Amino acid sequence: MIISEIIILLSALFAASVLLIYVERKLIAAVRLKKIARVYGLMQPIADAFKLFFNETILPRGKTQVAFMLLPVLFFTSIVACWAVIPVDEGVVLADINAGALFLVAMFFLSICLIVVIGWASDSKYAMFGALHSVAMMVAYELSAMLAIVCVLISSGSMRLSDIVNAQAEMWYCLPHFPMFVVFFIYALVRTNCPPFRMSESGNISDGEYSIEYTSVGYIFIAFARYVNMLLMSAVITVFFLGGWLPPFEVELFLLIPSVIWFGLKMSLCLLIFIFTKTAFPIYRYDNLVQFGWKMFLPFSLVWVIAAAGYTLVSATGKF
Amino acid sequence: MNEALVFYVLATFSIISAVMVVFSCAVNSVLFLIMVFISVSGLFLLLGAEFLAMMLLIIYAGAFAVLLLMLPLMLNIKETYQHTAVKCSAFGVTVGLLLFSCLAFVLKVKPQRLENDVSLAVANNVKALGEVLYTDYAYLFQLCGMVLFVAIVGVIMLMIRNGMEIKEHKIAGQIIRSADEIELKQLTDGEK
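Residues numbered from 1 in each chain as written. Chains lettered and ligands numbered in written order. Predicted model: local features only at pLDDT ≥ 70, side-chain atom pairs only at ≥ 80, totals over all residues. Heavy atoms only, no water.

Peer 1: Help me understand the interface of chain A and chain B in this model?
Peer 2: How large an interface is tends to be reported as the accessible area lost when its parts come together. With 21 residues of chain A in contact, the opposing surface of chain B contributes 24 residues. Of the roughly 1800 Å² buried between chain A and chain B on both sides combined, carbon and sulfur atoms contribute 85%. At the boundary of chain A with chain B, the tally comes to 0 salt bridges. Applying the counting rule to chain A against chain B returns 0 residue pairs in polar contact (both at pLDDT 80 or more). Of all the elements in the fold, those that place two or more residues in the side of chain A that touches chain B are α4 (100-121) and α5 (125-156) of chain A. Among the elements that make up the side of chain A that touches chain B, the one with the highest residue count is α4 of chain A (11 residues). Of the residues contributing to the side of chain A that touches chain B, the split by class is 17 nonpolar, 1 polar and 3 charged. (Contact = heavy atoms within 4.5 Å. Buried area = accessible area lost by both parts, 1.4 Å probe. Salt bridge = Lys/Arg side-chain N within 4 Å of Asp/Glu carboxyl O. Polar contact = N/O pair within 3.5 Å; in protein donor to acceptor, adjacent residues only side chain to side chain. Helix = DSSP H or I, 4+ residues; strand = E, 2+ residues; numbered from the N terminus. Nonpolar A, V, L, I, M, F, W, Y, C, P; charged D, E, K, R; others polar.)

As C-alpha cells, then:
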C-alpha cells in the first residue's frame, strides 16, 4: 500500500521536475530575448538527457570511490524524503507525523551535511571549495530561516503540517509574519542556488561548484535533486506561509475549485518568482551576502520571534 | 516482533558504527559518527520520542557534524589520528566507565522519576518536555543557556585580533577620485 503511494509520489515529482525544467528554459529564453530550439524547444531536454546518459563516467582514483558513487543518491533521497510529510490536500499526505516541521528542518540540515561530504568525496580542491562556499552560504541563512519557521509554529501552536495549514483558515501567515516570509523566501533562493545567491557557479569567485566532478548518472541525480528541491521549497513556503490547500477567500466560486489545484497554483506562483529572480538579478559578491545573512537577518528574526511569542502569550492569557 | 527486529538492527548498527568511529581515520570517523546519530535517532523514534529524535538529527547530524567534517578537511589530519586514539585509550576507557556508572546510578536510584518523565513524553512530546523543562528544571535550563552564551562570547573574543590588519573591502576608498588625479586628454584621430 505505502509502496504504491511512494511510487505515485516519485513519478509525480519526476513529471513535475521535467515540466519545471522545460518551463524554466522557455521563461529564461523569453526574458533574455533568446531564440529557442525547434518544436517549441521540446526536443532539447530529451537531447540533454541522452547526452547525460551516454557521458563517460569518471571516478576519483582514491579511497573515496564508493562514497562518490553513493552520495548523489543519498543527496537525492534526503530531498525527496521531505516530501513524505508535505500535505497536498486535507489528508493527502504520505506520513502526517506530529513533528512534521522538525522533520523538514532535520532533512534540510542533513542535505547540507551531504554537500560537504560530496565535496570531500570528489577528491578535488575545486569541488571542495565549491562545497565550502555553498555550505557557508546556506548556514548563514539557515538559522534565520529556522527562526521564521519557529514564528509560524508559535502562531499555529502545532508542529503537524496539516494543523499549520488549518490554522491559517482565517489569515495566511504571510500577512502577519510578512518579514519572516521574506526571510524564508530568500533562504529558499539560497537553497535552490538561484542567481543572486549562485555562489557556486560565479566563475571569478570560486572555480566550480560541488558537483563539478560528477558526470553522467551521478550528475543526473544531483541536477534532479536541485529541481525537486525547487519544487520542495515552493511547497514548504505554500504550507508555512500561503495557507496550503486553502482558497484565499471563502467564496462559493473559490470553494468549487478542488483544493489540490489551489495548492498547485500557489506552488507555481512561488516557482515563477524563483525563475524570474534567476533571470532578473545579478550575482552579488560572496562576503556581502554572508554578512547580510549573519548581521541583518539573524538579529532581526530573533527580535521577531520574541515579538511573536509575546503577542501570542498576551492574546492567549489576556494579561500584559 | 517487527519493532524488536527494527530495534536490534538499529542497535547493532549504532554499536558497530560507534566502534568504527574510534578505529577509522579523520573524515571516515566523522561519517561513522553521523551514522551513529542517525541510528540513535531511529531508536528514539521507536520509543515514541519524536521531538528528541528530530533534535538529535538537527543539532548533531546537521550542525555539529558539519563543523566536525570541516576540522579534518581544514587541518589536514592524516594517519596520525588513529595512533593518538590508541595512545589515549586509557583515558577514553576511564571516561566511558565514569559515564556508564553515572547511568547505572540514575537507573538504580531514580527509576520512579524516570518512568514518570517517559510516560509524560509519550503523551505529547513537545508539550511534555516543555512542561518539565520550564518548571522542574527551569534553573538548570537557564544555566545551560548562560553556558552557551559564554561560549559564543568566547568564540567572538578568540576571533578578534587586535593589532592585526584586518583585510576588508573599503569600497569608498577604492572608487573615490580627486580632481587632480584625473587628467583630461584630447585624443588625436590616430590615438582613437
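Peer 1: How do you make sense of the packing of aromatic side chains when you look at a structure like this?
Peer 2: The description of two aromatic rings rests on the distance between their centres and on the angle between their planes. Residues and elements named next belong to chain B. One pass over the structure, following the stated rule, counts 20 aromatic pairs over all chains. Relative to Tyr8, the ring of Phe7 has its centre 5.3 Å away and its plane inclined at 70 degrees; by these criteria the two rings are edge-to-face. Among the residues examined, Phe7 registers a relative accessible area of 40% and is labelled partly exposed. Here the aromatic rings of Tyr134 and Phe141 are separated by 5.1 Å at their centres, their planes lie at 75 degrees, and the arrangement is edge-to-face. According to the relative accessible area criterion, Tyr134 is exposed, its value standing at 54%. (Phe/Tyr/Trp six-rings, centres within 6.5 Å; stacked < 30°, edge-to-face > 60°. Buried < 20%, exposed > 50% of the residue type's maximum accessible area, 1.4 Å probe, protein only.)

Peer 1: Any chance you could explain a nonpolar patch on the surface here in plain terms?
Peer 2: Residues and elements named next belong to chain A. A cluster of nonpolar residues, Val39, Tyr40, Leu42, Met43, Ile46, Phe50, Phe53, Phe54 and Val217, forms a patch on the protein surface that exposes about 990 Å² of accessible area. When residues of the nonpolar patch are assigned to their parent elements, the largest contribution, 4 residues, is made by helix α2 (residues 43-53). Tracing the backbone shows Ile46 in helix α2. (Patch = residues over 30% accessible without salt bridge, like charges linked within 9 Å, V, L, I, M, F, W, Y side chains within 5 Å. Areas by Shrake-Rupley, 256 points an atom, 1.4 Å probe, with all protein chains shown as cover.)

Peer 1: What should I look at first to understand the confidence of the model for chain A in this one?
Peer 2: Predicted coordinates in areas of low pLDDT are best not read in detail. For chain A, mean pLDDT is 86; residues scoring 70 or higher make up 96% of the total. Taken element by element, chain A is modelled with least confidence in helix α9 (residues 252-256) of chain A, mean pLDDT 79, and with most confidence in helix α7 (residues 178-191) of chain A, mean pLDDT 91. (pLDDT = per-residue confidence, 0-100.)

Peer 1: Where do I start with the side chain of Ser234 of chain A in this structure?
Peer 2: Residue and element names in this part refer to chain A. By the element assignment, Ser234 lies in helix α8 (residues 216-241). For Ser234, a relative accessible area of 0% corresponds to the buried category. Here Leu231 takes part through its backbone oxygen, which lies 2.7 Å from a polar atom of the side chain of Ser234. In contact with Ser234, other than residues within four places in its own chain, are Met267, Cys270, Leu271 and Phe274.

Peer 1: Sorry, what's going on with the nonpolar core here?
Peer 2: Within soluble globular proteins, side chains that are nonpolar tend to cluster in buried spots. All names here are of chain A. Of all hydrophobic cores here, the largest spans 118 residues; its most connected members are Tyr141, Phe184, Phe240, Phe241 and Phe274. For this core, the leading source of residues is α4, giving 19 residues. When residues no more than four places from it in sequence are discounted, the contact partners of Phe240 are Ala101, Leu104, Ile149, Val152, Leu161, Ile164, Gln168 and Tyr173. (Core = buried A, V, L, I, M, F, W, Y, C linked by side-chain atoms within 4.5 Å.)

Peer 1: Got a minute to help me understand unusual backbone geometry in this structure?
Peer 2: The phi angle of most residues is negative, glycine excepted, and most peptide bonds adopt the trans form. All names here are of chain A. With phi around 55 degrees, Leu33 is a residue other than glycine that occupies positive phi space. Secondary-structure assignment places Leu33 in the loop between α1 (2-31) and α2. Looking at Leu33, the relative accessible area reads 78%, which means it is exposed. The phi angle at Ser216 is positive, at roughly 50 degrees, despite the residue not being glycine. Relative to the helices and strands, Ser216 resides in helix α8.

Peer 1: Would you take a moment to explain the pattern of salt bridges for this structure?
Peer 2: Should their charged atoms come close, side chains of opposite charge can pair. Residues and elements named next belong to chain A. Within the structure shown, the criterion is met by 4 salt bridges over all chains. A salt bridge links Glu24 to Lys278, with the nearest nitrogen and oxygen atoms 2.9 Å apart. Of this pair, Glu24 sits in helix α1 while Lys278 sits in helix α10 (residues 259-280), and the two are 254 residues apart along the sequence. Residue Glu24 shares its accessibility class with Lys278, and that shared class is buried. As a salt-bridge pair, Arg160 and Asp96 come within 4.0 Å of each other at their nearest N and O atoms. Placement of the pair is Arg160 in the loop between α5 and α6 (161-166) and Asp96 in the loop between α3 (65-80) and α4, with a sequence separation of 64 residues. Taken together, the salt bridges that share partners define one network made up of Asp96, Arg160 and Asp163.

Peer 1: In this structure, what is going on with the packing of α7 of chain A against α10 of chain A? I would like to understand it.
Peer 2: The angle between the axes and the distance between the axes are what describe a pair of packed helices. Residues and elements named next belong to chain A. Relative to each other, α7 and α10 sit at 65 degrees, their axes nearing to 11 Å. At the point where α7 passes α10, the crossing takes the right-handed sense. Every residue of α10 that contacts α7 at Phe185, Ala188 and Leu189 is listed here: Cys270, Ile273, Phe274 and Thr277. Class assignment for the residues of the contact of α7 with α10 results in 6 nonpolar, 1 polar and no charged. (Axes fitted to C-alpha atoms, helices over the stretch in contact; angles between N-to-C directions. Left-handed = near helix turned anticlockwise from the far one by under 90°.)

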